[in-house]
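# Structure at a glance
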Amino acid sequence: MSEITSGFIQAIDLIVSLDPEVMQIAALSLFISLAATIIAATISIPLGGLIHFYEFRGKRIVIVLIQTLYSVPTVVVGLILYLFLSRSGPLGVFGLLFTPEGMILGQTVLIIPIMTGLVISAIGGVDRNISDTLISLGATGFQAIVQVVREARLAILSAVVLGFGRAISEVGVAMMIGGNIRDATRVLTTAIALQTGIGDFPFSIALGIILLLIALVVVIIMNLITSGLSFESQVALGGPRT
Amino acid sequence: MIRLEGISRQAGRKTILESVNLEIQGGEIFAFIGPSGSGKTTVLRLIDLLDTPTTGTITIDGTDAAASNAVRLSLRRRMAMVFQKPAVLNTTVSGNVAFGLKFRKVEKSEIESRVHEALDIVGLLNLADRKAVTLSGGEMQRVAIARALVTRPEVLLLDEPTANLDPVNTDLIEKLILAIHKKFQTTIILSTHDMIQGQRLADRMGVIINGRIAQVGSIHDIFYRPQGRDIARFVGIDTILDGVVESNEGGHAKVSVGAAVFEVISPHNPGTKVALFIRPEEVTIALKDGDLPRTSVRNQIQGTITRMVPFGPFVRTTINFGSHLTALVTRRSADELSLAVGMPVIAGIKATAIHVLVDGV
């Protein structure tokens, strides 16, 4: 019991004193996961739109496949990427294994399915009458698509935020592609796993708290987004009429 | 002018529309009337070039709409459609109204003045900056109309424009439609399941039943001379009697319906099987033992009241004379005559008020 208590107290001390190593690990985590989120979003949003708007053979199967990949184990993604990125692998020449760039690539691959899937649902959630209305108002196919995607903007944004949540909290890719190298590829999750293994509880607890704080911020952002939605409907009920 | 030739539309194996041939003139108000699910929305969507027909051609001012996507877009941009359930986009009211102009890449200052004009016409200037999703149903419908209007369409398509509205808003929208027609001479094509609304708004009507255009004509034609039993029932003719022409003297024919004989105006020869169509408001009721009014009412049919159903300020009264006949009596006269089920009465119908069709239609 005293181990937990003292561990906790020392952890708070590490955070409050802005311990350089703790801060460096947290910053690297944020950097890698944010980068992966941005790259995944630039791919997932157009891809989701494409899958939603274009009819093609096997569309249902593609969507089911994407949904299956929502819960792909991170270690499986890690394994496959490892095989590709290792010296003898097809992408070995780029030397990405055990680098932050490799981790960004890994997390991007990891979160593209969930982001794409949620973008498809987000766009699919836009009233079908909206696209009819736009076409009827003289929109070209492209103008209509842009407008429908805009209409789904809040739901798309929450898809992106959820993708970030999955990226920052995963450990498999970070461990297998990053390798948990101190001052180079050590991120929050891998550090917690390692430091706990060697009995450095205060350090692990400190990183755990930071990770939870990040999760909290993500939840707050999500709530702000959705309350943006509900604020509009509240105006509908009681807002001024002028 | 819009011409539909041999149009059919199938969704999967289901035929929604079949062999539709129709011409709609520039500047007229044309109403498609018909029961729910008869294909009215499908026709409007085809005319607006949102969907493509399975067979047949649509030409607009002589241009075949199927020519190319570019042709479809440019033709579609001369029209605008208001849907039954108005969908507003998640932006302000003026933002919603501006879409059609933005898609056409109209100058910003021009957009502003035309949005202002359109909102003024529908009476929503005071709500210009409101979030459109916060509006009431009637207001949303007016936004949808303003949004369609702002592009100055030559053809305005309205799908059941008042189906989801209360009577006050319905009245408002109907007045608005007529005002728009008067101001811009827009060709207006609307659909409604409410034949009275069709009557209030349209120059001509097309009755759609089960995916076919059953009859096209003036309101008077359709109400008083329906070309079939389905149409007759839809326009509120509850009495359809099967009979045989007994004699015909210069167009004044006697038709026997069971034991009763009706005098009608009809060219058909004796022996012809016919159907008689009688609108309920054309039937008057007198007491059997009272003095028969000396009128030009040629048909005085004796019968017994079998059913009385309140219908607003009227009472639908069914009379059995061997067959059944329905009369629409005002509540006041029903009270004055103390009409009641089981009472013997005389139903009076003018010969000219009976519409006759050769049976088998």
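Residues numbered from 1 in each chain as written. Chains lettered and ligands numbered in written order. Predicted model: local features only at pLDDT ≥ 70, side-chain atom pairs only at ≥ 80, totals over all residues.

Each helix and strand in chain A was counted, giving 11 helices and 0 strands. Overall, chain A shows an N-to-C arrangement of helices and strands of α-α-α-α-α-α-α-α-α-α-α. Taken along the three principal axes of its C-alpha coordinates, chain A extends 65 × 55 × 25 Å. Taken across its 242 residues, chain A has 39% of its residues classed as buried. Of the contacts formed within chain A by residues at least 6 apart in sequence, a portion of 77% connects residues at least 24 apart. (Helix = DSSP H or I, 4+ residues; strand = E, 2+ residues; numbered from the N terminus. Buried ≥ 20, exposed ≤ 12 C-beta atoms within 10 Å, placed from the backbone. Contact = placed C-beta atoms within 7 Å.)

Moving on, we get to the overall build of chain B. In terms of regular secondary structure, chain B is built from 10 helices and 20 strands. With the C-alpha coordinates aligned to their principal axes, the bounding extent of chain B is approximately 80 × 45 × 35 Å. For chain B, buried positions account for 40% of its 361 residues.

Moving on, we come to the confidence of the model for chain B. Residue-level pLDDT values for chain B average 92, and 97% of them are 70 or greater. Predicted as a complex, the structure gets a pTM of 0.78 and an ipTM equal to 0.82. (pLDDT = per-residue confidence, 0-100.)

In a regular helix each residue adds 1.5 Å, so 34 residues correspond to 50 Å; helix α2 (residues 20-53) of chain A covers 49 Å between its end C-alpha atoms and thus fits that length. In the structure, α2(A) departs most strongly from a straight axis at A41(A), where the bend amounts to approximately 25°. (Expected span 1.5 Å × (residues − 1). Bend = angle between axes of the 7 residues up to and from the residue.)

All names here are of chain B. What the 5 strands build is an open sheet, ordered β13-β12-β11-β14-β20; its pairing is antiparallel. Strands with a single pairing partner mark the edges of an open sheet, and in this sheet they are β13 (260-265) and β20 (354-358). With direction set aside, neighbouring strand axes in the sheet form an average angle of 40°. The pairing of strand β14 (residues 273-278) with β20 spans 5 bridges and is classified as antiparallel. Bridge pairing in β20 places I278 opposite I354. (Pairing = 2+ DSSP bridges. Axes fitted to C-alpha atoms, helices over the stretch in contact; angles between N-to-C directions.)

This next bit is on the domain arrangement of chain B. All names here are of chain B. With domains assigned, chain B is organised as domain 1 (2-233) and domain 2 (237-358). Measuring from the centre of the C-alpha atoms in domain 1 to the corresponding centre in domain 2 gives 39 Å. Contact with domain 1, which involves 6 residues of that partner, is made by 5 residues of domain 2. Considering every element that reaches the side of domain 1 that touches domain 2, the biggest residue donor is helix α9 (residues 229-234), with 3 residues. Among the residues making up the side of domain 1 that touches domain 2, the classes are represented as 3 nonpolar, no polar and 3 charged. (Domains from an automatic or database assignment. Nonpolar A, V, L, I, M, F, W, Y, C, P; charged D, E, K, R; others polar.)

What follows is about unusual backbone geometry. Backbone geometry places L18(A), a non-glycine residue, at a positive phi of 50°. With respect to the element layout, L18(A) can be found in the loop between α1 (2-16) and α2. Positive phi is not limited to glycine here, since R152(B) has a value of about 50°. Of note, R152(B) is situated in the loop between α5 (137-149) and β7 (155-159).

Okay, the environment of E151(A) next. With respect to the helices and strands, the residue E151(A) is situated in helix α7 (residues 141-151). Put simply, E151(A) and I210(A) are 59 residues apart on the chain and 35 Å apart in space, counted from C-alpha to C-alpha. Excluding residues within four positions of it along the chain, E151(A) makes contact with V126(A), I130(A), L89(B) and N90(B).

A word on the interface of chain B and chain A. Taken residue by residue, the interface counts 22 residues in chain B and 19 residues in chain A. For the side of chain B that touches chain A, the element with the highest residue contribution is helix α3 (residues 93-103) of chain B, accounting for 3 residues. Here the residues of the side of chain B that touches chain A sort into 10 nonpolar, 5 polar and 7 charged.

Quick look at the sheet that holds strand β16 (residues 299-311) of chain B now. Residue and element names in this part refer to chain B. Pairing is antiparallel across the open sheet formed by 5 strands, whose spatial order is β15-β19-β16-β17-β18. Strand pairing shows two members of the sheet lacking a second neighbour, β15 (284-287) and β18 (324-330), which therefore form its edges. Mean inter-strand twist for the sheet, computed between neighbouring axes without regard to direction, equals 45°. Sheet topology note: the strand β17 (residues 314-320)/β18 ladder contains 7 bridges and is antiparallel. The residue bridging F314 from the neighbouring strand is T330, located in β18.

All right, on to the nonpolar core then. Ranked by size, the top nonpolar core spans 158 residues in total, and within it M115(A), V143(B), A146(B), L157(B) and L276(B) carry the most contacts. For this core, the leading source of residues is helix α5 (residues 100-124) of chain A, giving 14 residues. Taken domain by domain, this core gets at least three of its residues from each of domain 1 (2-233) and domain 2 (237-358) of chain B. Here M115(A) is in contact with A40(A), A41(A), S44(A), A159(A), V160(A) and G163(A), once residues within four sequence places are set aside. (Core = buried A, V, L, I, M, F, W, Y, C linked by C-beta atoms within 7 Å.)

Two quantities define a packed helix pair, namely the angle between the axes and the distance from one axis to the other. All names here are of chain A. Two numbers describe how helix α3 (residues 59-69) lies on α5: the axes approach to 8 Å, and their chain directions differ by 130°. Taken together, the axis directions place α3 and α5 in an arrangement best described as oblique. Between α3 and α5 the crossing geometry is left-handed. Contacts between α3 and α5 involve I63, I66, Q67 and L69 from the first element and P113, T116, G117 and I120 from the second. A class-by-class count of the residues in the contact of α3 with α5 yields 5 nonpolar, 3 polar and no charged. (Parallel < 35°, antiparallel > 145°, perpendicular 65-115°, else oblique. Left-handed = near helix turned anticlockwise from the far one by under 90°.)

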